[in-house]
Every structure is written in structure tokens, then in C-alpha cells.
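The residues making up each chain are set out below.
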Amino acid sequence: MAGHSKYVSEHDISKFHKDGVVVLRGLFKDWVEPIGHGIEQLMADPSPNERSYSPDDGSAPFFQDLCNWQRIDAFRDFIFNSVAGEVSAALMKSTNARFFHDHVLVKEPGSSIVTPWHQDMPYYCVDGKKNISFWIPLDPVPEATALRCVVGSHKWGVNHKPKRFDGTDLYEGDESEEMPDIDANPDKFEIRVWALEPGDAVAFDFRTMHGAAPNQGTGTRRRAFSARWVGDDALFLDRKGKGSPPFSHLTLKSGEPLHGPDFPVIFEE
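Residues numbered from 1 in each chain as written. Predicted model: local features only at pLDDT ≥ 70, side-chain atom pairs only at ≥ 80, totals over all residues. Heavy atoms only, no water.

Under the counting rule described, the total for this entry stands at 15 aromatic pairs. Arranged with centres 5.7 Å apart and planes meeting at 85°, the rings of Phe 78 and Phe 225 form a pair that is edge-to-face. Of this pair, Phe 78 sits in helix H3 (residues 73–81) while Phe 225 sits in strand S11 (residues 222–230), and the two are 147 residues apart along the sequence. Look at Phe 78 and you get buried, because its relative accessible area is 0%. (Phe/Tyr/Trp six-rings, centres within 6.5 Å; stacked < 30°, edge-to-face > 60°. Helix = DSSP H or I, 4+ residues; strand = E, 2+ residues; numbered from the N terminus. Buried < 20%, exposed > 50% of the residue type's maximum accessible area, 1.4 Å probe, protein only.)

Cis geometry marks the peptide bond from Ser 244 to Pro 245, where omega comes out at 0°. Its location among the elements puts Pro 245 in the loop between strand S12 (235–236) and strand S13 (265–268). The residue Cys 67 is not glycine, and still its phi comes out positive at about 60°. A relative accessible area of 23% means that Cys 67 is categorised as partly exposed. For Lys 93, which is not glycine, the phi dihedral falls at a positive 55°. Within the element layout of this structure, Lys 93 appears in the loop between helix H4 (84–92) and strand S3 (96–107). When its relative accessible area of 42% is taken as the criterion, Lys 93 is described as partly exposed.

Turning our attention to the nonpolar core. It is characteristic of soluble globular proteins that their nonpolar side chains tend to be buried jointly. Formed by 38 residues in total, the largest nonpolar core has its most connected members in Leu 24, Phe 28, Phe 75, Phe 78, Leu 91, Phe 134 and Trp 229. Top contributing element to this core by residue count: H4, with six residues. Those residues within four positions of Leu 24 in sequence are excluded, and the remaining contacts are Val 8, Asp 12, Val 87, Leu 91, Phe 134, Asp 200, Ala 201 and Ala 203. Grouped together as the second largest cluster of nonpolar side chains are 17 residues, Met 121, Tyr 171, Phe 236 and Leu 258 included. (Core = buried A, V, L, I, M, F, W, Y, C linked by side-chain atoms within 4.5 Å. Contact = heavy atoms within 4.5 Å.)

Pairing between side chains of opposite charge can happen when the charged atoms of each approach one another. All chains considered together, the criterion is met by 17 salt bridges. Two residues, Asp 232 and Lys 130, come together in a salt bridge whose shortest N-O distance is 2.9 Å. Placement of Asp 232 in the loop between S11 and S12 and of Lys 130 in the loop between strand S5 (126–127) and strand S6 (131–137) is noted, with a sequence separation of 102 residues between them. For Lys 130, a relative accessible area of 24% translates into the label partly exposed. (Salt bridge = Lys/Arg side-chain N within 4 Å of Asp/Glu carboxyl O.)

Moving on, we get to the side chain of Glu 108. Looking at the secondary structure, you find Glu 108 in the loop between S3 and strand S4 (115–118). When sequence neighbours within four positions are dropped, the list of residues in contact with Glu 108 reads Met 43, Ala 60, Pro 61, Asn 215 and Arg 221.

What follows deals with the layout of surface pockets. Estimates place the volume of the largest pocket at around 840 Å³. Lining the largest pocket are 43 residues, and of these His 118, Tyr 123, Lys 163, Arg 164 and Phe 165 sit closest to its centre. Within the residue set of the lining of the largest pocket, elements represented by two or more residues are strand S2 (62–66), S3, S4, strand S10 (210–212) and S11. In terms of residue count, S4 provides more of the lining of the largest pocket than any other element does, four residues in total. Residue composition of the lining of the largest pocket, grouped by class: 20 nonpolar, 12 polar and 11 charged. (1 Å grid on protein atoms, 1.4 Å probe; cavity = no way out; pocket = protein on both sides within 12 Å on 5 of 7 lines; lining within 4 Å. Points joined across faces, edges and corners; volume = space filled by probe spheres on them. Nonpolar A, V, L, I, M, F, W, Y, C, P; charged D, E, K, R; others polar.)

On to the environment of Pro 109, then. One can find Pro 109 in the loop between S3 and S4. For the pair Pro 109 and Phe 16, spaced 93 residues apart in sequence, the C-alpha separation works out to 31 Å. Apart from residues lying up to four places away in sequence, Pro 109 is in contact with Ala 60, Asn 215, Gly 219, Thr 220 and Arg 221.

As C-alpha cells, then:
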């Protein structure tokens, strides 16, 4: 039966499905140092998928890069040799766990960049209900600058309009529903946020609304490694190479199973 692992409790699995997010304390603490070295290597030689932002106010930048596991040894080692695949399958209640992509996010000390409220699903070339993202901090993250999630939003049945960081629509002619103004109406939403230690993981559904505050007042970097996974119901959804990550080289058609060398099955019951 899908949905069991000695590394995650039945309570965690139930909470993930009910809330769309659960925190797993210390799960990847042994991977903090190697992934940190991998991020140093990546920042010294970013990929064409780099998406960094420098605030107009001159404060510190926000580095982002995606899809580097095939060239950064530490990332590939984590994907294939950590318990992430097994834990993903258990939390998703899936018979397997297929790796989708990696995403590195580094907010330097003093950065005024806000990560706007969004859902990941509308950006991705994937369809299916079984999916999970691990947001893994490599530095201590106080509650004030940590990832924030709207509890239960994965069950609302709405894929809100995806935006670029500058506020423009990602897809031309997109008539999807706009993201609600959560910050202006916080009492209408159950927002959950946790102070985190290196190697903790916030595990959330691609449909869960989330965002993050600027990295101001801490004096420390906020390095995070996100590892995204899909389950046994994953299908390709053609975004015409406009998604994030773009995956513009894929030749799959919408509705076909998501497969190929970019998306290896890491764990299978």
C-alpha cells in the first residue's frame, strides 16, 4: 500500500493532505553541508535558467536558479541517495516518486525582495494531484523571514494566475482568477509560518499558496534548496515553453505521462 516510510509519521502524512503543508524537522540535516557546497558551485557558474533579482532600492540581490541536478554533483547525490524520494512517495500516497526539478533560492542579508503570494502548480508543465515540494533551509530562518503558507488552499480547486516577479502575467491572454490580496486581508486566511533550522523541510503541495518576506534585520543569508517531486498520476501539461522552469526542449504532448531523462523515478514500491 502506498504511503508508508519509517522517516515520516502517519500524523505527518495526514497533516500534509489536510493542510497542504507540513514541517519535517531535521530530516535533511546531514545534507546541509554538501548542498551548501553545491550552491557555491552554482552561484559561481549559474545556468541559463538563472532568475536573479536586484531590488530597485539598491539592497542585496535575490539569486535563483533551476534545473541543475544534472551538472551539480551534490544536488544529484541528494536526489538519488537521500530519503527524499521515499518520503515524497509516502507523503503523496504514491507508489513511486519521480523527481521533477530543483530550485535554489538565496536571499542575501538586507534584501528587500518579497516573494509574492503564489501557487506553484500554474507555473509547471505537469498535471496530477500527487505532488510535493521540499523547501529546505541551509541557514537558520527566523519566523519573520520564513516561508508562509495558506492552510488548506490546495483544496480550493483554483489555479490562480501566475505572475512574474515584476507583476506581469506569465502567460499572454491568461484569464485565470487573480491571487487574492492575502496581506490586506490576513484574518480571512489561516496563514502558517515556522522558524526553521538548517536541514528542516517545509513540505507542501504545488497548489498550496505560499510566499516569503524580505531578508531584512537578520544579518544572515537565507539559502534554500527546493526539491520538487511528482507521483504516479503525473501527466505532462504543455505550457509552450513558457512555464517556470520552461522545459522548452520537451516533445511530450498534453495528457501523456510525464517521463524521460529529465524526470527520473527515484523511489518505487
